[in-house]
Amino acid sequence: MNSRSSSLSSISDLFRPNNPKGLRSRDLSSTRLSVLKKEIQTDIHLIPLKELFVLLGTDPVQGLSLARATELLEYYGPNTLTPATQYGWPKVLFRSLCTGFSILIWLGASLCLIAYFIETSSKPNASHDNLYLGCVLIAVDIICGLFSFYQKYKSSKIMKTFNSMIPQYSTCIRDGILNSETLVRDLVKGDLVKVKIGDVIPADIRIIDSKGFKVDNSSLTGESVAVPRSNSEGTPNILESPNVAFFSTQCVEGWALGVVICCGDLTALGRVAGLAARLQPAPSPLSREIKRFMQYVSVFALGLGLFIASSSIAMGYPFMQTTVFVIGIIVANVPEDLLRFNSAFIALINCGALCSLATIKTTGEVYGDASETAILNFFSKYDDLKSIRKKYPKIAEIPFNSVNKYQVSIHEHSEASNYIVVMKGAPECILARCTSIALDKSNADMTIEIRNAAEMACENLAKTGERILAFADLLLDYTEYPLNYKFDTDNVNFPLQKLRLLAIVGLMDPPRKEVRRSIERVREAGVRVMMVTGDHPATARAVALDVGIATTEKCHILTGSDLRNMTPDLLHWTLDKHYEIVFARTSPTQKLQIVEACQRGGEVVAVTGDGVNDAPALRRADIGISMGITGSQVSKQTADIILMDDNFATLVTGIEEGRKIFDNLKKSVCYILISNVPEILPVLVFILFSIPLPLGVMTILCVDLGTDMWPAVSLAHEPAESDVMTRAPRSSDPLVSSRMLALVYGHLGLIEFAAGLFSYFIVMAEHGFYPAELFGIRRRWDNEAVNDVRDSLGQDWTYAERKELERACQTTYFVAVVVMQVTNGIICKTRYNSLFHVGLRNKVLNVGLVFELALSCLICYTPGINNFFRTYPLRWRWWLLALPFSMLMFIFDEFRKYCIRKELFGGWFNKLTYY
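Residues numbered from 1 in each chain as written. Predicted model: local features only at pLDDT ≥ 70, side-chain atom pairs only at ≥ 80, totals over all residues. Heavy atoms only, no water.

(A) How the structure looks around the overall build of the protein chain. Check the secondary structure of the protein chain and you find 37 helices and 24 strands. Residues classed as buried in the protein chain amount to 50% of the 915 residues present. Carbon together with sulfur atoms contributes 59% to the accessible area of the protein chain, which is approximately 42,600 Å² in total. (Helix = DSSP H or I, 4+ residues; strand = E, 2+ residues; numbered from the N terminus. Buried < 20%, exposed > 50% of the residue type's maximum accessible area, 1.4 Å probe, protein only. Areas by Shrake-Rupley, 256 points an atom, 1.4 Å probe, with all protein chains shown as cover.)

(B) Structural view of the confidence of the model for the protein chain. Considering every residue of the protein chain, the mean pLDDT works out to 82; 85% of them sit at 70 or more. Here helix H1 (residues 2-14) is the element of the protein chain with the lowest mean pLDDT, 53, and helix H32 (residues 799-827) is the one with the highest, 94. Note that residues 1-8 has pLDDT below 50 and, in this model, ten contacts with residues that lie over four places away or in other chains. (pLDDT = per-residue confidence, 0-100. Contact = heavy atoms within 4.5 Å.)

(C) Examining the packing of aromatic side chains more closely. Evaluated as defined, the whole model comprises 25 aromatic pairs. Here Phe 895 and Phe 909 contribute two aromatic rings whose centre-to-centre distance is 6.0 Å and whose plane-to-plane angle is 90°, an arrangement assigned as edge-to-face. Pair noted here: Phe 895 is in helix H36 (residues 883-902) and Phe 909 is in helix H37 (residues 908-913), with a separation of 14 residues, a long-range link. Residue class for Phe 909 comes out buried when judged on its relative accessible area of 6%. Three or more aromatic residues joined by ring pairs make a cluster, and in this case those are Phe 345, Phe 378, Phe 379, Tyr 382 and Phe 471. Above the ring of Tyr 76, the side-chain terminus of Lys 189 is found at 5.4 Å from the ring centroid. (Phe/Tyr/Trp six-rings, centres within 6.5 Å; stacked < 30°, edge-to-face > 60°. Lys NZ or Arg CZ within 6 Å of the ring centre and 35° of its normal.)

(D) Main features of the environment of Asn 833. Considering the arrangement of structural elements, one finds Asn 833 in the loop between H32 and helix H33 (835-838). The exposure class of Asn 833 is buried, given its relative accessible area of 15%. Along the primary structure Asn 833 and Arg 901 are separated by 68 residues, whereas in three dimensions their C-alpha atoms are 7.7 Å apart. Setting aside residues up to four positions removed in sequence, Asn 833 forms contacts with Glu 721, Val 838, Lys 897 and Arg 901.

(E) Representation of the nonpolar core in the model. By size, the foremost hydrophobic cluster in this structure holds 78 residues, and its most contacted members are Tyr 760, Phe 769 and Phe 814. Setting aside residues up to four positions removed in sequence, Phe 769 forms contacts with Met 764, Leu 774, Ile 777, Trp 781, Val 789, Arg 790, Asp 791, Ser 792, Trp 797 and Leu 805. Counting 27 residues, the second-largest nonpolar core is a separate cluster that includes Leu 354, Ala 358, Ile 420 and Ala 503. (Core = buried A, V, L, I, M, F, W, Y, C linked by side-chain atoms within 4.5 Å.)

(F) View of the sheet that holds strand S17 (residues 531-532). Overall, parallel pairing links the three strands, which are arranged S17-S19-S18 in an open sheet. The strands lining the two open edges of the sheet, one partner per strand, are S17 and strand S18 (556-559). In the packing of helix H19 (residues 537-547) onto the sheet, contacts are made with S17, S18 and strand S19 (581-584), and the angle to S19 comes to roughly 145°. Against the sheet, helix H21 (residues 568-577) contacts S18 and S19, and its axis sits at roughly 135° relative to S19. (Pairing = 2+ DSSP bridges. Axes fitted to C-alpha atoms, helices over the stretch in contact; angles between N-to-C directions.)

(G) View of unusual backbone geometry. The phi dihedral of Lys 498 falls on the positive side, at around 55°, and the residue is not glycine. By secondary structure assignment, the location of Lys 498 is in the loop between strand S15 (467-475) and strand S16 (499-507). The phi dihedral of Arg 870 falls on the positive side, at around 60°, and the residue is not glycine. By the element assignment, Arg 870 lies in the loop between helix H35 (865-868) and H36. Taking the relative accessible area as the measure of exposure, Arg 870 reaches 35% and is therefore partly exposed.

(H) Region of the structure containing the packing of helix H29 (residues 738-766) against H36. Here H29 crosses H36 at 165°, and the two axes come no closer than 9 Å. It follows from the interaxial angle that H29 and H36 lie roughly antiparallel. Like other packed secondary-structure pairs, H29 and H36 cross with a definite hand, here right-handed. The segment H29 lies against H36, with Leu 743, His 747, Leu 748, Ile 751, Glu 752, Ala 754, Ala 755 and Phe 758 engaging Phe 885, Leu 888, Met 889, Phe 892, Asp 893 and Arg 896. Class assignment for the residues of the contact of H29 with H36 results in ten nonpolar, one polar and three charged. (Parallel < 35°, antiparallel > 145°, perpendicular 65-115°, else oblique. Left-handed = near helix turned anticlockwise from the far one by under 90°. Nonpolar A, V, L, I, M, F, W, Y, C, P; charged D, E, K, R; others polar.)

(I) Spatial organisation of H29. Taking 1.5 Å as the rise per residue, H29 with 29 residues should run 42 Å; its terminal C-alpha atoms sit 40 Å apart, in good agreement. Along H29, the sharpest change in direction is near 45° and occurs at Gly 749. The first or second residue beyond H29 is Gly 768, which carries a positive phi of 105°. (Expected span 1.5 Å × (residues − 1). Bend = angle between axes of the 7 residues up to and from the residue.)

(J) Quick peek at the pattern of salt bridges. Here the structure, examined in full by the defined rule, presents 24 salt bridges. One salt bridge connects Lys 660 with Glu 657, and the closest N-O pair in it is separated by 2.9 Å. Here Glu 657 and Lys 660 lie together in helix H25 (residues 648-674), a separation of three residues that amounts to about one turn. By relative accessible area, Lys 660 is classed as buried at 15%. The structure contains a network of salt bridges with shared partners spanning Arg 517, Glu 520 and Glu 524. (Salt bridge = Lys/Arg side-chain N within 4 Å of Asp/Glu carboxyl O.)

(K) Spotlight on the packing of H25 against H29. Interaxial distance between H25 and H29 falls to 9 Å at its minimum, and their mutual angle equals 45°. Taken together, the axes of H25 and H29 are oblique relative to one another. Crossing of H25 against H29: the hand is right-handed. Taking contact as the criterion, the partners of Lys 666, Val 669, Cys 670, Leu 673 and Ile 674 in H25 are, on H29, Met 740, Leu 741, Leu 743, Val 744, Tyr 745, Leu 748, Gly 749 and Glu 752. In terms of residue class, the contact of H25 with H29 is built from ten nonpolar, one polar and two charged.

(L) Summary view of the sheet that holds strand S22 (residues 641-643). The three strands lie next to each other as S20-S21-S22, forming an open sheet whose pairing is parallel. Looking at strand neighbours, the two that pair on one side only are strand S20 (606-609) and S22, the edges of this open sheet. Between one strand axis and the next, the sheet turns through 25° on average, direction left out of account. Bridge count between S20 and strand S21 (residues 623-627): four bridges; the pairing is parallel. Among the inter-strand pairings, Thr 608 is bridged to a residue of S21, identified as Ile 625.

(M) Looking closely at helix H22 (residues 588-600). Taking 1.5 Å per residue, 13 residues should reach 18 Å; H22 reaches 19 Å between its end C-alpha atoms and fits that length. When you tally the buried positions in H22, you get eleven out of 13 residues, the bulk of the element.

(N) Representation of the environment of Asn 866 in the model. Topologically, Asn 866 is positioned in helix H35. Between the C-alpha atom of Asn 866 and that of Thr 811, which follows or precedes it by 55 residues, the distance is 9.7 Å. With near-sequence residues (within four places) excluded, Asn 866 lies in contact with Arg 807, Ile 859, Cys 860, Tyr 861, Thr 871 and Pro 873.

(O) The pairing of strand S11 (residues 406-413), seen in detail. Among the eight residues that make up S11, seven are buried, leaving the element largely enclosed by the rest of the structure. In terms of strand pairing, strand S10 (residues 394-398) meets S11 through four bridges, oriented antiparallel. Looking across to S11, one finds that Glu 397 is bridged to Ser 409. As defined by bridge partners, S11 adjoins strand S12 (residues 418-425) across eight bridges and the pair is classed as antiparallel. The residue of S12 that forms the bridge with Gln 407 is Lys 424. Taking the residues that link successive antiparallel strands as the turn, the S11-S12 hairpin has four residues, and the phi of Ser 417 there is positive, at about 60°.

(P) Highlighting the pairing of S20. Side chains Val 607 and Gly 609 project from S20 onto a buried face, and the interleaved Ala 606 and Thr 608 project onto a face without burial. This β-α-β element, S20 to helix H23 (residues 615-620) to S21, shows right-handed connectivity. (Right-handed = clockwise from strand over helix to strand, strands pointing away.)

The following block contains the structure:
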């Protein structure tokens, strides 16, 4: 005891205010997290009360003195939940604005502004293009960063949700004075507190005295039935100990006097809250893929930018123009039999209606705990329970408790002028008290054969996962117990033996019919389903078999006690050896332990839960799923997804939807990346072959932040492909694969680049500059002092005339890219099926493609806007120049998908381009 007590004291010191260990705030939070992950071994609920009072320095009658309570409060801090060490909002905002692609955009914006200021200081009539571009990039970065900041800021409110479960005031005894207005935050270990029906328990307390005391632990342990608590012998696991009531749970019956044994962060609720607040949620598979994609693209963009910069400088390009090239490269790359009636059944209905604490409203609605509500709702189908209660008024009762495991009430039979005792409870307790049994029309003695049959019936019901209750009654002799008899339930003065057994009843919350089929479907999709519950192992096994989580009786069952004796390696080995596992009688920390063990095995883990006790596991899981109807506010705040109908079948839809989203995200990324090729290569051609720049930075911006936006997003509305739920889970199929890059950069992107370059050369040729004349012309073309550049027809062009033609050519190139992107949007609808099979049923995409063309016209033909984006009002026939390439792209992609479906050429296209 001493070692454990000292250990507990040491842990209490760790959670004192004012950083008692002298650790840095982040190290302190990390140390506290490590402690909270362990199940603290304590015998404070097992030692005799006399020793406990000595240990806590309190008096069982007077309580703590006010001076001692003040001293302890100052030393250990208030009885509140301490938030984890978190970054202040300025740091969170800064990290939101400066991560991932945003760094690239900031770099591009900085270069734009630097180039603008240099240009304005060296030229009298400097262009404002770089200023406009820099401002646009900054606006994009700020908008995206603020959205990210909002998401992160919302997730920091978990501890506030836990604190909302804590009462403000409590009834406390200090210096022998009972004060019902004691602040809960001022309670300390050793305080005596009194709770009654309706009160929320203000700390973890050891019961000293009680009467009919029951608490609702559902928010903490997930138990839906109110559990009795009393001054009884404890169990080794404090969470299951019947002599302890926990912080934040509610008293639903009776009253109790208790002594505070834990406050604040070290209460059962505090440990759950501490875990949930301090655990870093595992990034979802999709976010990991996006992060990897961002890293690759960032490295690629920076590497290409450095290559362009060094090449440009080496070939004699000035700093200003080199800066414009690098900006262009960065912008381009960021993309759920009726009984036959008889005397025995009538007696059972009477017993069920009378031996119950649930209330029946005038409307017939039943209010009480889940078990009693279910019993009364069943019996109400066969008789009027309110009239039964009126016929048999209650005289006295003994509430259910964990020691006796039965509930008794005594009722007066107003017509027969005698009393009847009715009892319900655990079958083993009731059967031991019965000497007869009610049959159809008479009673019979309880023989050994009948008793064995009853016990066998109980065992069979338990195997089906049902909660078993036995009902019995006894008609009291009116000569011994006349109508004026005074019944004493404390010192029982009436018989509780020689009862008549009425029935054994099983209560079950049956799973929805669709659950079994749903589990079969997710297994077909390669998803492993494990059950983690606080229920009894036999009940857990029965439910698992019923819904298909377990397919044989040999399903491996692990209890919380088993887990306490397991090393991480042994747990990992067990998970690997047994595919079907059911975890029963688990604590919140053990649920977290199971999640982390699965993650160490390389699995992507989704966790469903609805209670406060599920919060740490929900937080740590790759995907946390809370119940929207029955879920606590804490679980909803912690989870990534809220299941609005609490139906497991919806999870199947969610998996299908998730896979569809991933497929469609692939399509969107492919769509965006294809346009990168015709945006990057013009810069390389411009540098290497010294031709006039085919595509400007502002027109690249028009594609990336304008025309491509709607079609790229609208691909998310594509329906799921037919094989989506028959595929194995992804293991080595990243969001951006080498196959996608081969298709983008080696096939479709090159066709799109060819369309743009062809359109560029055609417009140049129509104005006299044939392709051969353009190579090497850059120096004279971009020189403001040269006003006599001669074309292939012998015409001289001034600098202003050349730049106007260059705008027309760049705009034609831009329009060609837009036309090709319309075709690209159509072919990216599928990765495998033919477009003729899928059709054009995505109305959002259809409108997006029309929008793309309309926006291009707006950019080209609207005065002022075309000057801002450096575009030109094109001749309409120039829009048709890319159509042959568009047809070529469509035919090529249909042929490619046909080869993939038929696995032609030895599956060459599958290996190379099936992304």
